[in-house]
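In case you want the letters, here they are:
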Amino acid sequence: MATTNRPARLTVAGIGGFDETTVAFERGVTVLTAGDAADRTSLLRGLVTALGSDEHSPDCDADTDDSRVELAVEGERYVRTFAGEGDRVVASGDPYLDDPAAADLFAFLLGSNEARQAVTAERDLRKLVVHSVDIDAVNDEIADLRAERAELDDRIEALAALESERPGLRDRRDELDATIERLEAELADRQATLDGIESAAVDGDTDAEANPEPDANGSDAEARQGRRRELYAALDDIEFELEAERESLDALDAEIDDIESELDSRPADPAAELDDLTAELAESRARKRRLDADITDVQRTLQFNEQFLTSETSPVAAASEVERESESENDESDGESDDGDSVVCWTCGTSVPEASIESTLDQLRALRDDRREERAELADRIERLQERRSELEALRERRRDLETRREELRRERAERRSRVENLQARRDDVESDIVDLQRDAEDAEAGEGDRAALLDAHREVNRVEFELERRREERDAVVDELEALDAELDRRTDFETRKNEIDDRIDGLRDRIERLERATVSAFNDRMADVLDALEHDRLARVWVEHRNDGDGGDDALSTGRFVLHIERRTDDGKTYEDVIDHLSESERELVGLVFAVAGYLVHEVSDDVPFLVFDSLEAVDAERVRRLLDYVRPHTDYLVVDVSGESARALSESYRRLRAL
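All chains use their own residue numbering, which begins from 1 and follows the written sequence. For this predicted model, a pLDDT threshold of at least 70 governs which residues receive local features, and a threshold of 80 or more governs which side-chain atom pairs are given and counted, while totals over whole chains, interfaces and linings are taken from all residues. Computation of side-chain values: all heavy atoms of the structure, hydrogens and water removed.

**Student:** So what exactly am I meant to see when it comes to the overall build of the protein chain here?
**Tutor:** Working definition: helices are DSSP H or I runs of at least four residues, strands are E runs of at least two. Numbering for both runs from the N terminus. For the protein chain, the count of helices and strands is 15 helices and 15 strands. The long-range fraction of contacts in the protein chain, counting pairs at least 24 apart against all pairs at least 6 apart in sequence, stands at 75%. Exposure was quantified through the Shrake-Rupley algorithm and a 1.4 Å probe, taking into account, for residues, occlusion by the shown protein chains and nothing else. Roughly 35,000 Å² of accessible area belongs to the protein chain as shown, and the carbon and sulfur atoms make up 43% of that amount. Here, residues are in contact when the closest pair of their heavy atoms is within 4.5 Å.

And the structure:
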């Protein structure tokens, strides 16, 4: 996007105390001194919301329908509107940033800014320090590699189980080889027997032809011999078809039995459980939406109240100051003093201890954290419910597929049984024709026994041929299975090699994460040292982040340890010692939070994403430090907008533009 020299213009309407107002921000520093603290805060919240923030929502009524913020910058226009939904306000529109996460942490440095608060509350700083570092992508790659390694482990384990099957397959192959050899020898014997019987029959016919009584008898003998051969050939074909059909029937019966066994082992159609899961999912999602709304409302309430507490120029703080002065005068006249500070509660109008309000805010924070935890648990539960529903749908689909397949097989079985019956009837007819042919033959010298022997010989040859074919097919299947098993087992070495490669890659990625974290921590520490040097603070000698490992984290840990902030102080005589945040004054705590946040702004190069850097809630920091801090960050951003008043505003350079009217 090309930059221009035109000022950025912000319009807010229906927000805070503004019906509608437009302000301009020149490039450089703009100091907000106009109006009261609440108006300035509303303006800043409108600015960061137009830029994309959802963490610093402006103050709008829940029944609003025309609140909006509009930002014109760099030749483009960005608008967000706010509408009431129930008891909450929902933002919509097209802000400057698609992803405001980095800006929320390091560019929108309002009083409730997470980076500033994390320092003063001594939280783990990992998420903030490595925010823009591409560690998530590395962790995702590690997770993918571990999933692949687990799959390889499963396959290697399965191969180990398969290897135990190889001896049995080899034994079965050898056994089938022996059976086939025996059947081939038996078939040769049976065929020789058949050939002998048929030769004898042919010789008998030849003798009859050599000594015919009438010529018709010789012709009849030849016709009977030809017919007999045709019938035996037809009988062979029928026997072959019958055997094939019976084998198919056996296979169908086995498959139907397998399907019925699987159906019996599976639960009934899970329709009722699916309906319950769908209802529970809908309820959980609705609960999660309510939690989202609750968290947004509590966060807005916290931000509003924190702003009133941290702004010394707010009407509440001013009223509290008047009350404290009045109480001080009364105490002096009574010779007594009050040990605690109090403020006027802006909800009930009574004077209450400030600690009581802080306690209430702590309770709200705890409530927000509880709601977030419950939301996370709900998200996990929703994921589990979705997985269970998918599992049940798959089970139901599998059951339907099995039932459909069973019906198809039953129909096919009925058809094959019918064909078997027809073939058996045809076989009986052919055998009857053969018997009739033999009975009617005039050359009956072979006798009934020879005809029966010929028929039996044909049947034995057919039986052995069918048995031999089955065994050969079975052996081919065993050999194929052995070859496939050997090929699969040969891959085990490849799997082991790949596992070693994955382990090396994971170690390399973990080292890369460690290097990235070390480099980022070093960059943070260097930047914080630069900022402290620019501030020329007498007491704060050094601020740095330590990556502290509390354990090795095990093989499954991706990023381990905590990021801890250390503070080194300087005494009047120039000696230094390490201290903790709780021992610092309020001004020093706030300053350390700002130093950390500004370091994050520079290390993560947030200025590449958003041209604005926004400050407020600087009252606790002395005017000289505020001046030096703004002078330091001014060259690093196009638009520096700061809310200061009183002495801090007067200490700033006269070259900085003041916004005195809203």
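**Student:** How should I be thinking about unusual backbone geometry in this particular structure?
**Tutor:** Positive phi values are uncommon outside glycine, yet Glu 536 reaches one of about 50 degrees. As for its position among the elements, Glu 536 is in the loop between helix 12 (492–535) and strand 10 (540–548). Accessibility here uses a 1.4 Å probe with only protein chains present; expressed as a share of the type maximum, an area under 20% marks a residue as buried, one over 50% as exposed, and anything in between as partly exposed. Looking at Glu 536, the relative accessible area reads 47%, which means it is partly exposed.

**Student:** It is not clear to me how the environment of Leu 602 should be interpreted in this structure. Could you clarify?
**Tutor:** Take Leu 602: it is sitting in helix 13 (residues 586–603). Each C-alpha atom of the pair Leu 602 and Phe 106 lies 8.6 Å from the other, and the pair is 496 residues apart in sequence. With sequence-adjacent residues up to four places away left out, Leu 602 is seen in contact with Arg 527, Tyr 632 and His 636.

**Student:** Can you help me understand the nonpolar core in this one?
**Tutor:** If you look at soluble globular proteins, the nonpolar side chains tend to sit buried side by side. Residues enter a nonpolar core if they are buried and are Ala, Val, Leu, Ile, Met, Phe, Trp, Tyr or Cys, with the set joined through side-chain atoms within 4.5 Å. Among the nonpolar cores identified, the biggest contains 102 residues, and Phe 596, Phe 612 and Phe 615 are the most heavily contacted of them. Looking at this core, the element that brings in the most residues is helix 12, giving 11 residues. Counting 21 residues, the second-largest nonpolar core is a separate cluster that includes Leu 231, Leu 235, Val 430 and Val 461.

**Student:** Mind showing me how you'd approach the packing of helix 13 against helix 14 (residues 623–633) here?
**Tutor:** The packing of two helices is summarised by the inter-axis angle and the distance between the axes. Viewed as axis vectors pointing N to C, helix 13 and helix 14 meet at an angle of 5 degrees, and their least axial separation amounts to 12 Å. With respect to each other, helix 13 and helix 14 are oriented roughly parallel. Where helix 13 abuts helix 14, its residues Leu 591, Leu 594, Val 598 and Leu 602 lie against Arg 625, Leu 629, Tyr 632 and Val 633. Grouping the constituent residues of the contact of helix 13 with helix 14 by class yields 7 nonpolar, no polar and 1 charged. To get an axis, a line is fitted to the C-alpha atoms, and for a helix only the part in contact is used. The angle between two axes follows their N-to-C directions and goes from 0 to 180 degrees. In these notes the angle categories are as follows: under 35 degrees is roughly parallel, over 145 is roughly antiparallel, 65 to 115 is roughly perpendicular, and the rest is oblique. Classification used: nonpolar for Ala, Val, Leu, Ile, Met, Phe, Trp, Tyr, Cys and Pro, charged for Asp, Glu, Lys and Arg, polar for all others including Gly.

**Student:** Mind showing me how you'd approach the environment of Leu 482 here?
**Tutor:** With respect to the element layout, Leu 482 can be found in helix 11 (residues 447–490). Classification of Leu 482 by relative accessible area gives buried; the value is 4%. The spatial distance from the C-alpha of Leu 482 to the C-alpha of Glu 165 is 9.2 Å, given a sequence separation of 317 residues. If we ignore the near neighbours within four places in the chain, the residues touching Leu 482 are Arg 166, Leu 169, Arg 170 and Arg 173.

**Student:** Looking at this structure, how should I read a negative patch on the surface?
**Tutor:** Patch members must show over 30% relative accessible area and no salt bridge, and they are joined within 9 Å when carrying like charges or within 5 Å when they are nonpolar side chains of Val, Leu, Ile, Met, Phe, Trp or Tyr. The term salt bridge refers to a side-chain nitrogen of Lys or Arg lying within 4 Å of a carboxyl oxygen of Asp or Glu. Under the convention used here, Asp and Glu are negative, Lys and Arg are positive, and both His and the chain ends fall outside the count. The atom standing in for a charge is NZ when the residue is Lys, CZ when it is Arg, CG when it is Asp and CD when it is Glu. A contiguous patch of negative charge on the surface is contributed by Asp 94, Asp 98, Asp 99, Glu 605, Asp 608 and Asp 609. With respect to the secondary-structure elements, Asp 608 resides in the loop between helix 13 and strand 13 (612–615). Residue class for Asp 608 comes out exposed when judged on its relative accessible area of 59%.

**Student:** Where do I start with the sheet that holds strand 10 in this structure?
**Tutor:** Sheet strands pair by backbone hydrogen bonding; their relative direction is either parallel or antiparallel. Spatial strand order, 10-11-12: 3 strands in an open sheet with antiparallel pairing. Unpaired on one side and paired on the other, strand 10 and strand 12 (576–579) mark the two borders of the sheet. If you compare each strand with its neighbour and ignore which way they point, the axes differ by 30 degrees on average. At least two DSSP bridges between two strands are needed for those strands to be called paired. Of the strand pairs in this sheet, strand 10 and strand 11 (residues 562–570) are connected by 8 bridges, and their pairing is antiparallel. Bridging from a neighbouring strand, Val 543 pairs with Ile 567 of strand 11. Running over the sheet, helix 12 touches strand 10 and strand 11 and is turned about 170 degrees from strand 10. Contacts between helix 13 and the sheet are confined to strand 10 and strand 11, with strand 10 contributing the most and set at about 55 degrees to the helix.

**Student:** When you look at the pairing of strand 3 (residues 28–32) in this model, what are you seeing that I'm missing?
**Tutor:** The side chains of a regular strand alternate, first on one face of the sheet and then on the other. With 5 of 5 residues buried, strand 3 lies mostly within the body of the structure. Relative to strand 14 (residues 639–643), strand 3 runs parallel, the two sharing 5 bridges. When the sheet's bridge partners are listed, Thr 30 is paired in strand 14 with Val 641. In this sheet, strand 15 (residues 657–659) lies alongside strand 3 in parallel orientation, the contact comprising 3 bridges. Residue Thr 30 lies in a different strand from strand 15, and its bridge partner there is Arg 657.

**Student:** How should the sheet that holds strand 14 be read in this particular structure?
**Tutor:** Strand order in the open sheet formed by 5 strands is 7-13-14-3-15, and the pairing between neighbours is parallel. A strand with exactly one partner marks an edge of an open sheet, and here the two such strands are strand 7 (108–109) and strand 15. In this fold helix 1 (residues 37–51) packs onto strand 3, strand 7, strand 13, strand 14 and strand 15, with an angle of close to 150 degrees to the strand it touches most, strand 13.

**Student:** I would appreciate a short explanation of the packing of aromatic side chains in the present structure.
**Tutor:** Aromatic rings considered in pairs are described by the distance between their centres and by the relative angle of their planes. For Phe, Tyr and Trp, rings pair up if their centres lie within 6.5 Å, where Trp contributes its six-membered ring, and each pair is then called stacked (planes under 30 degrees apart), edge-to-face (over 60) or tilted (otherwise). Inspection of the entire model under this criterion finds 5 aromatic pairs. With 4.6 Å between their ring centres and 10 degrees between their planes, Phe 612 and Tyr 639 make a pair best called stacked. Of this pair, Phe 612 sits in strand 13 while Tyr 639 sits in strand 14, and the two are 27 residues apart along the sequence. Under the relative-accessibility criterion, Phe 612 is labelled buried at 0%. A relative accessible area of 1% means that Tyr 639 is categorised as buried. Three or more aromatic residues joined by ring pairs make a cluster, and in this case those are Phe 25, Phe 612 and Tyr 639. Seen from the ring of Trp 544, Arg 542 lies directly overhead, with NZ or CZ sitting 3.8 Å from the centre. Two conditions define a charge located above a ring, namely a distance within 6 Å from the ring centre to NZ of Lys or CZ of Arg, and an angle within 35 degrees of the ring normal.

**Student:** Got a minute to help me understand the packing of helix 12 against helix 14 in this structure?
**Tutor:** Direction vectors running N to C along helix 12 and helix 14 enclose 130 degrees, while the axes themselves pass 8 Å from each other. Viewed along their axes, helix 12 and helix 14 adopt a mutual orientation that is oblique. Pair helix 12 / helix 14 crosses with right-handed handedness. Where helix 12 approaches helix 14, its residues Arg 527, Asp 530, Val 531, Ala 534 and Leu 535 are matched on the opposing element by Arg 625, Arg 628, Leu 629 and Tyr 632. Of the residues contributing to the contact of helix 12 with helix 14, the split by class is 5 nonpolar, no polar and 4 charged. Crossing handedness is read from the near helix: turned anticlockwise from the far helix by less than a right angle, it gives a left-handed crossing, and turned clockwise, a right-handed one.

**Student:** What exactly am I supposed to notice about the pattern of salt bridges here?
**Tutor:** Opposite charge on two side chains allows them to pair when their charged atoms are near. All chains considered together, the criterion is met by 62 salt bridges. Close ionic contact of Arg 419 with Glu 245 constitutes a salt bridge, the shortest N to O distance being 3.3 Å. Taken as a pair, Arg 419 in helix 10 (residues 354–440) and Glu 245 in helix 7 (residues 215–265) lie far apart in primary sequence, 174 residues in all. Its salt-bridge partner being Arg 470, residue Glu 467 comes within 2.3 Å of it at the nearest N-O pair. Of this pair, Glu 467 and Arg 470 are both found in helix 11, 3 residues apart, which corresponds to roughly one turn of the helix. Note on Glu 467: relative accessible area 17%, which makes it buried.

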